[in-house]
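# Survey of secondary and tertiary structure
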Amino acid sequence: MELQLLSIHTKSAKFTLLELQLLSIHTIASQTMVRRLWQAVEERMEGNGPPPATIIEHKAYARIGLLGNPSDVYHGRSISLNISNFWASVRLEPSSDLKIVHHPTHDLFKFSSLSHLVNRLENEGYYGGVRLLMATCKVFTKYCKEQGINRHNNNFSLSYETNIPRQTGLSGSSAIVCAAFSCLVDFYKVRDKIGVEIRPQLILNAEKELGMVVGLQDRVAQVYGGLVYMDFEKSKMDECGHGIYTQLDTSLLPPLHLIYAENPSDSGKVHSTVRQRWLDGDKFIISSMEKVANLALEGKTALLEKDYVKLATLMNQNFDLRRRMFGDTALGGLNIEMVEVGRRVGAATKLTGSGGAVVAFFPEGPSQVKLLEESCKKSGFYIVSVEVVPSLLNEIDIRTLSSNK
Ligand SMILES: Nc1ncnc2c1ncn2[C@@H]1O[C@H](COP(=O)(O)OP(=O)(O)O)[C@@H](O)[C@H]1O
Ligand SMILES: O=C(O)[C@H]1O[C@H](OP(=O)(O)O)[C@H](O)[C@@H](O)[C@@H]1O
Ligand SMILES: [Mg+2]
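Residues numbered from 1 in each chain as written. Chains lettered and ligands numbered in written order. Predicted model: local features only at pLDDT ≥ 70, side-chain atom pairs only at ≥ 80, totals over all residues. Heavy atoms only, no water.

Turning our attention to the packing of helix 7 (residues 199–209) against helix 8 (residues 217–224). A packed helix pair is summarised by two numbers, namely the angle formed by the two axes and the spacing between the axes. Here helix 7 crosses helix 8 at 130°, and the two axes come no closer than 8 Å. When the axes of helix 7 and helix 8 are compared, the pair comes out oblique. The way helix 7 lies across helix 8 gives a crossing that is right-handed. Across from R199, P200, I203, L204 and E207 in helix 7, the residues of helix 8 making contact are R219, V220 and V223. By residue class, the composition of the contact of helix 7 with helix 8 is 5 nonpolar, no polar and 3 charged. (Axes fitted to C-alpha atoms, helices over the stretch in contact; angles between N-to-C directions. Helix = DSSP H or I, 4+ residues; strand = E, 2+ residues; numbered from the N terminus. Parallel < 35°, antiparallel > 145°, perpendicular 65-115°, else oblique. Left-handed = near helix turned anticlockwise from the far one by under 90°. Contact = heavy atoms within 4.5 Å. Nonpolar A, V, L, I, M, F, W, Y, C, P; charged D, E, K, R; others polar.)

Dropping the structure here:
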């Protein structure tokens, strides 16, 4: 009987009804027990019972900062897009204990030797995705508590996969957080209670928990999907608690390419000195950041007018301004070479994030692409053509937008 009772929580109501009929005919169960079972089925059908033990899986895609980054970290603006070339996925399975599952390769704790361990740390750093999953759970729980959002008490296990090249400025970290956040929102059935505009900030808070210097552009692109124009002006953010995010038609984009290298670089390290100078009121950093933010504003007009010559100029200016602010040592030779390799064949190039990958646009089209493919091969870089992800907002998400309230 206990086994049958458990199955009520794990299967669809229709299926269990059939089981119950069989049960009441073929077993000599007491009437009370049968009544309890019927009641559980009825509750389940009315939506009052515990949630079905379904597995929830969500993907979040890599993002490219097309214009304006890193001014998003400094109340600027950005145009970013989500790409389907790479993604992270998180899987939530109901379980009796709450489990965060270590990834067999990304969270490695068993080594063949000391030199294997040291080599691994030097190439990929100390951390994998487990800390991101844990921070997501913490931030989600805290937010629900603060907002008085009720949750059921069932447990789950969380595991992840990712094929986003590690720490390449393609937002591999926030993709894991974003996918995990979506799983939690659906497991607890609170998608309608956590507004789309707020979610990027919560995803960011999870990474801030871990001491990472991060901005909102990654998370906005990953929550919304597609191509998004973002304005993070301080007064607007203070007033609404989030930036102003506008989805743009992805067909406005010209074909883009992505160049990347296996070059782990924790974004926190790259940002640390510039952030401090900005906080200290350094005039050069502040005015340069404003210029970078303006590139996104101009870029929005350029895209709407399909003025791709202008777009190319703005992309190049974006990297040049970053280079002046951060300096060549912080950026590293590899990042500079990736930008240069594209420019040598006439492409407009800039970093997609804090380093490790470059977005390239070829104003003259496929003949230039061929040339770049050859140069990348010689330099040991990878090159792929960008596949843009369409908008990811579903009906419930759209209803939560402040413009629809
Ligand atoms: N592919 C990955 N697998 C597991 N964890 C990752 C991966 N990429 C990033 N992380 C986690 O995110 C942290 C910060 O990454 P970050 O420098 O922001 O890279 P990215 O540019 O990909 O977002 C890493 O220290 C690690 O904890
Ligand atoms: O420096 C940048 O352009 C971005 O750096 C971080 O992204 P990452 O993918 O980790 O390199 C940061 O989170 C973004 O907000 C910055 O724009
Ligand atoms: Mg990151």
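So that's the structure; there's more coming.
The next subject is the pairing of strand 2 (residues 77–94). In terms of residue burial, strand 2 counts as a mostly covered element, since 13 of its 18 residues are buried. Two strands pair when backbone bridges link them, and strand 1 (residues 56–67) and strand 2 are joined in this way by 11 bridges, in the antiparallel orientation. If you follow H58 over to strand 2, its bridge partner there is V90. Sheet topology places strand 2 next to strand 5 (residues 227–231); 5 bridges connect them, and they run antiparallel. By the bridge assignment for strand 5, I79 is matched with Y229. (Buried < 20%, exposed > 50% of the residue type's maximum accessible area, 1.4 Å probe, protein only. Pairing = 2+ DSSP bridges.)

For the chain, the domain assignment lists domain 1 (2–46), domain 2 (56–249 + 389–404) and domain 3 (251–385). Computed from C-alpha coordinates alone, the two centres of domain 2 and domain 3 are separated by 23 Å. Listed as interface residues are 34 residues of domain 2 and, on the opposing side, 44 residues of domain 3. Summed over both partners, the interface of domain 2 with domain 3 buries about 3200 Å², with 66% contributed by carbon and sulfur atoms. Inspection of the region where domain 2 meets domain 3 yields 16 residue pairs in polar contact (both at pLDDT 80 or more). Contributing elements (two or more residues each) for the side of domain 2 that touches domain 3: strand 1, strand 2, helix 4 (114–124) and strand 5. Of the residues forming the side of domain 2 that touches domain 3, the biggest block, 7 residues, is contributed by strand 2. (Domains from an automatic or database assignment. Buried area = accessible area lost by both parts, 1.4 Å probe. Polar contact = N/O pair within 3.5 Å; in protein donor to acceptor, adjacent residues only side chain to side chain.)

Here helix 13 (residues 333–344) spans 16 Å end to end across 12 residues, near enough to the 16 Å set by a 1.5 Å rise per residue. Buried residues of helix 13: N335, I336, M338, V339, V341 and G342, and no others. At its buried positions, helix 13 is contacted by strand 7 (256–260), helix 12 (308–331), strand 8 (348–351), strand 9 (357–361) and helix 14 (366–379). Where helix 13 terminates, the next one or two residues include G346, which has phi positive at roughly 90°. (Expected span 1.5 Å × (residues − 1).)

Once that is clear, we can look at helix 5 (residues 130–147). End to end, helix 5 covers 26 Å across 18 residues, agreeing with the expected 26 Å (1.5 Å per residue, within 8%). Considered for burial, the residues of helix 5 that qualify are V130, R131, L132, L133, A135, T136, C137, V139, F140, Y143 and C144. Residues of helix 5 that are buried in the fold lie against strand 2, strand 3 (99–100), strand 4 (156–162), helix 6 (172–187) and helix 7. In the stretch just after helix 5, G148 is the one whose phi turns positive, near 65°.

Next up on the list: the sheet that holds strand 7. One open sheet holds the 4 strands; their spatial order is 8-9-7-10, and the pairing between them is antiparallel. The sheet terminates laterally at strand 8 and strand 10 (382–385), the two strands that pair on one side only. Adjacent strand axes in the sheet meet at a mean angle of 25° when their direction is disregarded. Pairing geometry for strand 8 and strand 9, over 4 bridges, is antiparallel.

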